[in-house]
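Chain and residue survey
So you can see what is in the structure, the chains are spelled out below.
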Amino acid sequence: MNITIQPLVFVLLAIHSVMAANDSKTLRIGVLLTHSVQLLDLAAVDLFGMMSKDYINEVDVLPPDIASLGLPVDINYIGIQPNCAGTFIRCTASIGIRLTASIHDTSVSTDNLDILVIPGPEPKYVPDESVLAFAKAHHDAGNDILAICTGSYVAGYAGILDHKSVTGPRGLISDLEVKFPNVKKWDTTRRVVKDGNVWTSGMVLPFLYTDNYRREVLT
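This text gives an overview of the structure that appears in the document. (Residues numbered from 1 in each chain as written. Predicted model: local features only at pLDDT ≥ 70, side-chain atom pairs only at ≥ 80, totals over all residues. Heavy atoms only, no water.)

A separate point is the overall build of the protein chain. Of regular secondary structure, the protein chain possesses ten helices and eleven strands. Buried positions account for 47% of the 219 residues belonging to the protein chain. (Helix = DSSP H or I, 4+ residues; strand = E, 2+ residues; numbered from the N terminus. Buried < 20%, exposed > 50% of the residue type's maximum accessible area, 1.4 Å probe, protein only.)

Here we take up the sheet that holds strand E2 (residues 73–79). A sheet is described by the order of its strands in space; here seven strands give the open sequence E5-E2-E1-E6-E7-E11-E10, paired in mixed fashion. The strands lining the two open edges of the sheet, one partner per strand, are strand E5 (101–102) and strand E10 (192–195). Bridging between E10 and strand E11 (residues 198–201) involves four bridges; their strand directions are antiparallel. Residue pairing for E11: Asp-195 is matched across the bridge by Val-198. (Pairing = 2+ DSSP bridges.)

Turning our eyes to something else, we now look at the nonpolar core. In terms of nonpolar packing, the biggest core is built from 29 residues, with Leu-32, Ile-78, Leu-116, Ile-160, Leu-161 and Trp-186 touching the most fellow members. Of all elements in the fold, only strand E6 (115–118), helix H6 (129–140), strand E7 (144–147), helix H7 (151–157) and helix H8 (173–179) reach the threshold of two or more residues within this core. It is H6 that contributes the most residues to this core, four residues altogether. In contact with Leu-116, not counting residues within four places along its chain, are Gly-30, Leu-32, Ile-78, Phe-134, Ala-135, His-138, Asp-144, Ile-145 and Leu-146. Residues Ile-29, Met-51, Leu-71 and Ile-97 belong to the second largest nonpolar core, which totals 20 residues. (Core = buried A, V, L, I, M, F, W, Y, C linked by side-chain atoms within 4.5 Å. Contact = heavy atoms within 4.5 Å.)

Next up on the list: the side chain of Thr-167. Tracing the chain through its elements places Thr-167 in the loop between strand E8 (165–166) and H8. One polar contact links the side chain of Thr-167 to the main-chain carbonyl oxygen of Asp-187, over a distance of 2.7 Å. Excluding residues that lie within four positions of it along the chain, Thr-167 makes contacts with Ser-152, Ile-173, Trp-186, Asp-187, Arg-190, Arg-191, Val-192, Val-193, Thr-200, Ser-201 and Gly-202. (Polar contact = N/O pair within 3.5 Å; in protein donor to acceptor, adjacent residues only side chain to side chain.)

One turn of an α-helix holds 3.6 residues; hence residues three or four places apart share an orientation. In this model, H6 (twelve residues) spans 16 Å end to end at C-alpha, consistent with the 16 Å of a helix rising 1.5 Å per residue. Val-131, Leu-132, Phe-134, Ala-135, His-138 and His-139 are the residues of H6 that are buried. When H6 is viewed along its axis, its buried side chains cluster within an angular range of 160° and face the same direction. Contacts made by the buried residues of H6 are with strand E1 (27–32), E2, E6, E7, H7 and E11. Two residues or fewer after H6 comes Gly-142, characterised by a positive phi angle close to 95°. (Expected span 1.5 Å × (residues − 1). Arc of directions from axis to C-beta.)

Time to look at the pattern of salt bridges. Counted under the stated rule, the structure contains three salt bridges. Note that Arg-28 is salt-bridged to Asp-114, the shortest N-O span being 2.9 Å. Pair noted here: Arg-28 is in strand E1 and Asp-114 is in the loop between E5 and E6, with a separation of 86 residues, a long-range link. Across the pair, Asp-114 and Arg-28 agree in class, each one buried. Salt-bridge contacts for Asp-140 lead to Lys-136; the nearest nitrogen and oxygen are separated by 2.7 Å. Here Asp-140 pairs with Lys-136, and both are found in helix H6, just four residues apart, close to one helical turn. You can call Asp-140 partly exposed: its relative accessible area is 49%. We classify Lys-136 as partly exposed; its relative accessible area is 35%. (Salt bridge = Lys/Arg side-chain N within 4 Å of Asp/Glu carboxyl O.)

Despite not being glycine, Ser-94 has its phi angle at roughly 60°, a positive value. Mapped onto the elements of the fold, Ser-94 is located in the loop between strand E3 (88–91) and strand E4 (95–98). Despite not being glycine, His-163 shows a phi value in the positive range, around 65°. Assignment of secondary structure puts His-163 in the loop between H7 and E8. His-163 sits in the exposed class, given a relative accessible area of 61%.

Here the focus is the side chain of Arg-28. With a relative accessible area of 19%, Arg-28 lands in the buried category. In this structure the side chain of Arg-28 is engaged in a polar contact, spanning 3.1 Å, whose partner is the backbone oxygen of Asp-111.

Such coordinate-based values are descriptive only and should not be taken to indicate function.
Quick look at the structure:
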């Protein structure tokens, strides 16, 4: 079992502040699996799983004041077809993820999630209107939207990025600029940008291995 302390502490503190304004005692996360998504992008969801009280108590390495911030975590893996719970969606590296819900299910409606994570599909993928409506409804309800890497395309098609400062994979920024001209600013200097309840990021891999991680993400 491996644990990366610095990112976990950051996520614990950030999410604890979000939950302070939420009546729910459980952090409810939806992971929108639109198409064949990048496994590395999806792996970022593990940070949320690592925030659960059960996980923190099991590893027993965090200072007590940080460990006390652990909370129940419920994660749903959401597909786009009706009645798709129990089926698998293909990810890269020949791995499949078992879906637990559909965008059509009330269990993952706007009042049943706190955070919607959008891992990156293939850049050429264009979601249909039901997918876009689902993502936009969560944004408009005030739920946090985390678009990872090419997840920015899905958020962009849903209109979530309009009039916001955002980022995306640096090699694809020029394409994103053309497709989503209503974005206020495409920030190429930071790998993670937060504007309101929308978080966007570039590629996951680079900032896992740079000494600039703390400066670029935590400031």
